[in-house]
Amino acid sequence: MNPLVALESRVFTSMSLICQTLNFIVTSMFKRMYMNMPIKIGELAKRTGATVETIRYYEKERLLPEPFRSSGNYRLYNDQHMERLQFILHCRTLDMTLDEVRILLEYWDEPDKECGNVNSLLDEHIRTVEIRMNELIQLKKHLITLRQKCVSEASAKSCGILNTLADNACHK
C-alpha cells in the first residue's frame, strides 16, 4: 500500500474521531446549559402540564420553593423547581391531599430518613380511596334508582326524576 495513501487514511480517521468528539462535547454543553437555564412560569407550566395558577398556588402553599426573580421581577425557575413540581403533580394525580404531599416532600428532601411513615401514609391513603370507592358505588345506585323514576319523555311537572329530587325520596 502506498505510504501516502495509508497516512491520508489515518489522518482522515483521526479527523473524523476529533469531529465526533467535538460534536459530542458541544452537544453535551448545550444540553447542560439549556437544561440549567432559568425559565419563566409560562414555560414551566408548558413543560409540566400545570397551569400558571397551579404553580403560584403551590408556591403560596410552600410546596414549591420561592423562585428567583429576574431584574424585570419575572419568576425564574430551574430544574429543581421542575422536578419538585412534577413530583407534586404526580402525587395529585393519585388524589393525594396537599398535606399528604407536604409530608412526602419532607421525606423526599431528606433522602437518608427512614421511610416507614411514608408506607403508613400510603396505606392510609389506600384505605381512604377504598372508602371513597364504596361511596361512589352507593352514589351510582342512587342515580340508577333516580333514573328509573322517569322512563319516558313527559312534561317537567310530571317528571319522576324532578319530583323525586324535590321530595328527597331517592335517599329514603
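What this report covers is the structure whose coordinates are included nearby.

Rules of the game
Residues numbered from 1 in each chain as written. Predicted model: local features only at pLDDT ≥ 70, side-chain atom pairs only at ≥ 80, totals over all residues. Heavy atoms only, no water. Helix = DSSP H or I, 4+ residues; strand = E, 2+ residues; numbered from the N terminus. Contact = heavy atoms within 4.5 Å. Axes fitted to C-alpha atoms, helices over the stretch in contact; angles between N-to-C directions. Parallel < 35°, antiparallel > 145°, perpendicular 65-115°, else oblique. Left-handed = near helix turned anticlockwise from the far one by under 90°. Nonpolar A, V, L, I, M, F, W, Y, C, P; charged D, E, K, R; others polar. Phe/Tyr/Trp six-rings, centres within 6.5 Å; stacked < 30°, edge-to-face > 60°. Buried < 20%, exposed > 50% of the residue type's maximum accessible area, 1.4 Å probe, protein only. Patch = residues over 30% accessible without salt bridge, like charges linked within 9 Å, V, L, I, M, F, W, Y side chains within 5 Å. Areas by Shrake-Rupley, 256 points an atom, 1.4 Å probe, with all protein chains shown as cover. Salt bridge = Lys/Arg side-chain N within 4 Å of Asp/Glu carboxyl O. Core = buried A, V, L, I, M, F, W, Y, C linked by side-chain atoms within 4.5 Å.

As a further point, take the overall build of the protein chain. A count of helices and strands for the protein chain gives seven helices and two strands. Beginning at the N terminus, the succession of helices and strands in the protein chain can be written as α-α-α-β-β-α-α-α-α. Taking as baseline every contact in the protein chain between residues at least 6 positions apart, the subset at least 24 positions apart corresponds to 43%.

The next thing to look at is the packing of helix α4 (residues 79-93) against helix α5 (residues 98-109). Any two packed helices are characterised by the angle at which their axes cross and by the distance between the axes. Their axes nearest at 10 Å, the elements α4 and α5 cross at an angle of 140 degrees. In this view, α4 runs oblique relative to α5, as classed from their interaxial angle. Here α4 and α5 pass one another in a crossing that is right-handed. Facing α4, whose interface residues are E83, R84, F87, I88, C91 and R92, α5 presents L98, V101, L104, L105, W108 and D109. By residue class, the composition of the contact of α4 with α5 is eight nonpolar, no polar and four charged.

On to the packing of aromatic side chains, then. Remark: the centre distance and the inter-plane angle together describe each pair of aromatic rings, the angle taken between the planes. In total, this model carries two aromatic pairs according to the counting rule given. For the pair Y57 and Y58, a centre-to-centre distance of 6.1 Å together with 50 degrees between the ring planes defines the contact as tilted. The exposure class assigned to Y57 is partly exposed, which follows from its relative accessible area of 37%. Both rings, one in F87 and one in W108, keep their centres 4.6 Å apart while their planes meet at 5 degrees; by these two values the pair is stacked. Here W108 lies in helix α5 and F87 lies in helix α4, a separation of 21 residues in the sequence. Overall, the relative accessible area of 23% leaves F87 in the partly exposed class. Residue W108 is classed as partly exposed on the basis of its relative accessible area, which comes to 33%.

With that settled, consider a nonpolar patch on the surface. A surface patch of nonpolar side chains, about 260 Å² in accessible area, is lined by L136, L139 and L143. With respect to the helices, strands and loops of the structure, L139 is situated in helix α6 (residues 116-147). For L139, a relative accessible area of 44% translates into the label partly exposed.

For the structure on display, the rule yields seven salt bridges. R102 is the salt-bridge partner of E61, the closest N and O atoms lying 3.3 Å from each other. With E61 in the loop between α3 (52-60) and β1 (68-69) and R102 in helix α5, the pair connects residues that are 41 residues apart, well separated along the chain. A salt bridge links E124 to R127, with the shortest nitrogen-to-oxygen separation between them at 3.0 Å. You can see E124 and its partner R127 sitting in helix α6, three residues apart, about one turn around the helix. Overall, the relative accessible area of 42% leaves E124 in the partly exposed class. By relative accessible area, which is 43% here, R127 ends up partly exposed.

To continue, consider the side chain of E59. Of note, E59 is situated in helix α3. For E59, a relative accessible area of 12% translates into the label buried. In this structure, E59 is in contact with L64, P65, P67, R75 and Y77, ignoring residues within four places of it in sequence.

Quick look at the nonpolar core now. The nonpolar side chains of a soluble globular protein tend to be buried with one another. Judged by nonpolar contacts, the single largest core of 21 residues is most densely connected at L44, I55, Y58, L63, L85, I88 and V101. For this core, the secondary-structure elements that each account for two or more residues are α2 (41-48), α3, α4 and α5. In terms of residues, this core owes the most to one element, α4, which gives five residues. Excluding residues within four positions of it along the chain, Y58 makes contact with L63, L64, L85, I88, L89, R92 and L98.

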